[in-house]
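Observations on chain architecture
Next come the chains, spelled out residue by residue.
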Amino acid sequence: MNMHTPTLTPKLAPAIAAYLDGAPKLLIDGKLVSAKAGGLIDVRDPATAQVVARVPEAQAEDIDDAVRAARKAFDDGPWSRMTAADRGRLVHRLGEIIERHAEEFAQLESLDNGKPIAEARAADIPVAYNTFYYMAGWATKIAGSTLSPSVPGEVHSYTLREPVGVVGQIIPWNFPLMMAAWKLAPALAAGCTVVLKAAEDTPLSALRLAQLIVEEADFPPGVINIVTGYGEGAGAPLAAHPLVDKIAFTGSTDVGKLIVKAAAGNLKRVTLELGGKAPTIVFPDADLDRAIPGVTLGSFFAQGQVCVAATRIYAHKSIFDRLMQGVSDAAAKIKVGPGLDPTTQMGPLVSAEQLRRVSGYVQSGRDEGGQVLTGGDGLPGTDGYFLKPTIFTNANPDMRIVREEIFGPVVVAQAFDDSELDALAAEANNTEYGLAASVWTQNAGVAHKMARRIKAGTVWLNCHHVFDPVLPFGGYKQSGWGRENGAQALENYLETKAVTMAL
Ligand code: NAI
Ligand code: MG
């Protein structure tokens, strides 16, 4: 195929090369298949811009096959008659498969997305398998309740919790395997069947999981279908499909709105995890030895391509210069390079398109009078999609870099001089998004008061980027509908039925 060979560890290189050369396949109805029309998507290593694999480009006809397989598996298959314990065991096995192949997945993820291998090993892959382990336990704990209606005569009422049915799931490219886990695990634990569409920019880990599901798990055919394709060609037909009962989507707010429209045809249920513009607020009494590395991590983890990234820094003017000098020094020391280099601390952006988009924001920040404290440029002498950690000061609330989601390593710092909590919270809440925020202070009362005032689904106090399967995750306002993780993730995939008997 004449493709570029990436730098993988010697032990795994042959296995990964064999997988990439072997034309990864879609998983539809229990079988690994090519797209019917035969289309392929080039997969590039963002560190070199070279093509490292080609994966199937699923289109409407493939989506239809996958949805029909999921429909049949839900309506007639052994899956719906399986005990909750057996279902939980299968969900658990997906976690075991990922943990057993953890290093291979970490390398695939780094190659495909560009993220530092150290991050994939420490975050993406463990969160992915731990999500399956956590959700596996929920399969046996789904329960309704008994109720006491105030109606004449004696009645007996209870609720049944039932799986919503066939679920279409569309995921983005920033945490490819982890996003797949957040979607698949609760849906399967609830008893749904699934068609998962991976992002066109990062299909490799999902298709490898598909292959391992066929080889190492015993799911009945059609319960899990995994496809790759473009948004309009494959995502849109999935969102509009009349045999799909529910769509779960993570991605941009603009596409989230298209999903809502597409779902209207059969009023399928919808949950959305969309964009963000998280504030991080540093009070004058904050422990700067913790806040400096914390804000730096919040801003630049995963190249800043995170919906909860700390993108708006608000610091009290009495500590603004010290904090920003510290964050700027730390940012300038971040080692930017190819993700597969074990010493790399920040990799390239995911694609040429994302680099173009984020660089456009850097230009816009400059044009609108922002001052670049550090970064702002790429790496010389490489074709990869690199951008150094970039910090703007001299910003005001009307600038595009303060208002819009950038989704890259670009953050904006502003000083405040009045620590009045309502006014500060109003500034933090001055965004159409409401996904996350962090607050840095040693005053516990201030911390918890701010937690109440901020309109966001996640508030971190003296930390940022803490994720765990028990913590509900999702957005207020235009950051989305519903919550992933925790017990609430199950709710996304369950219907409630009220049963009443006159006695
Ligand atoms: P996107 O929202 O277009 O893509 C996310 C997923 O949706 C992909 O699987 C894509 O194939 C699919 N998709 C795209 N158009 C679709 C359609 N019409 N119907 C159904 N599915 C569709 O995001 P993209 O283009 O990769 O990134 C653009 C911006 O979106 C980023 O710069 C960032 O601001 C935001 N974003 C936010 C994410 C989050 O986690 N909240 C994740 C990815 C992107
Ligand atoms: Mg898009």
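Sequence order as written defines residue numbering, which begins from 1 separately in each chain. Chain labels run from A onward and ligand labels from 1 onward, assigned in the order the entries are written. Thresholds applied to this predicted model are a pLDDT of at least 70 for local features of residues and 80 or more for the giving and counting of side-chain atom pairs; totals over whole chains, interfaces and linings are not thresholded and use all residues. To get the side-chain values, all heavy atoms of the structure are used, and hydrogens and water are removed first.

1. Focus on helix α11 (residues 317-333)
Strands are runs of DSSP state E lasting at least two residues, helices are runs of H or I lasting at least four, and both sets are numbered from the N terminus onward. A helix is expected to span 1.5 Å for every residue after the first. The end-to-end C-alpha separation of α11 is 25 Å, in line with the 24 Å expected for 17 residues at 1.5 Å each. For α11, every residue scored as buried is listed here: Ile-319, Phe-320, Leu-323, Met-324, Gly-326, Val-327, Ser-328 and Ala-331. We call a residue buried when its accessible area falls under 20% of the maximum for its residue type, exposed when it is over 50%, and partly exposed in between, using a 1.4 Å probe and counting protein chains only.

2. Some details on the site of ligand 1
Here a residue counts as near a molecule or strand whenever at least one of its heavy atoms sits within 4 Å of it. Lining the immediate environment of ligand 1, one finds 27 residues, of which Trp-173, Glu-200, Ser-252, Leu-274 and Glu-405 sit closest. Here an oxygen atom of ligand 1 and a side-chain polar atom of Ser-252 are 2.7 Å apart. Residue-level accessible areas treat just the shown protein chains as cover; the underlying method is Shrake-Rupley with a 1.4 Å probe. The fraction of the free accessible surface of ligand 1 (800 Å²) that becomes covered by protein chains is 88%. When residues of the shell around ligand 1 are traced back to their parent elements, those giving at least two are α8 (231-240), β10 (246-250), α9 (253-263) and α12 (352-367). Each residue receives one of three labels: charged for Asp, Glu, Lys and Arg, nonpolar for Ala, Val, Leu, Ile, Met, Phe, Trp, Tyr, Cys and Pro, and polar for the others, Gly being one of them. Residue composition of the shell around ligand 1, grouped by class: 14 nonpolar, 8 polar and 5 charged. For every domain, the bounds stem from an assignment made automatically or drawn from a database. Taken domain by domain, the makeup of the shell around ligand 1 includes at least three residues from each of domain 1 (14-274 + 480-499) and domain 2 (278-469). Polar contact is the term for a pair of N or O atoms within 3.5 Å; when the atoms are in protein, one must be able to donate a hydrogen and the other to accept it, and sequence-neighboring residues count only if both atoms are side-chain atoms.

3. Considering the packing of helix α4 (residues 102-113) against helix α7 (residues 204-216)
Fitted lines through C-alpha atoms give the axes, limited to the stretch in contact for helices. The angle between two N-to-C directions lies from 0 to 180 degrees. Viewed as axis vectors pointing N to C, α4 and α7 meet at an angle of 150 degrees, and their least axial separation amounts to 9 Å. In this view, α4 runs roughly antiparallel relative to α7, as classed from their interaxial angle. From α4, Glu-104, Phe-105, Leu-108, Glu-109, Leu-111 and Asp-112 reach across to α7, where they touch Leu-204, Ser-205, Arg-208, Leu-209 and Leu-212. When grouped by side-chain class, the residues that make up the contact of α4 with α7 number 6 nonpolar, 1 polar and 4 charged. An angle counts as roughly parallel when it lies under 35 degrees, as roughly antiparallel when it exceeds 145, as roughly perpendicular when it falls between 65 and 115, and as oblique in every other case. Any two residues having at least one pair of non-hydrogen atoms within 4.5 Å are treated as being in contact.

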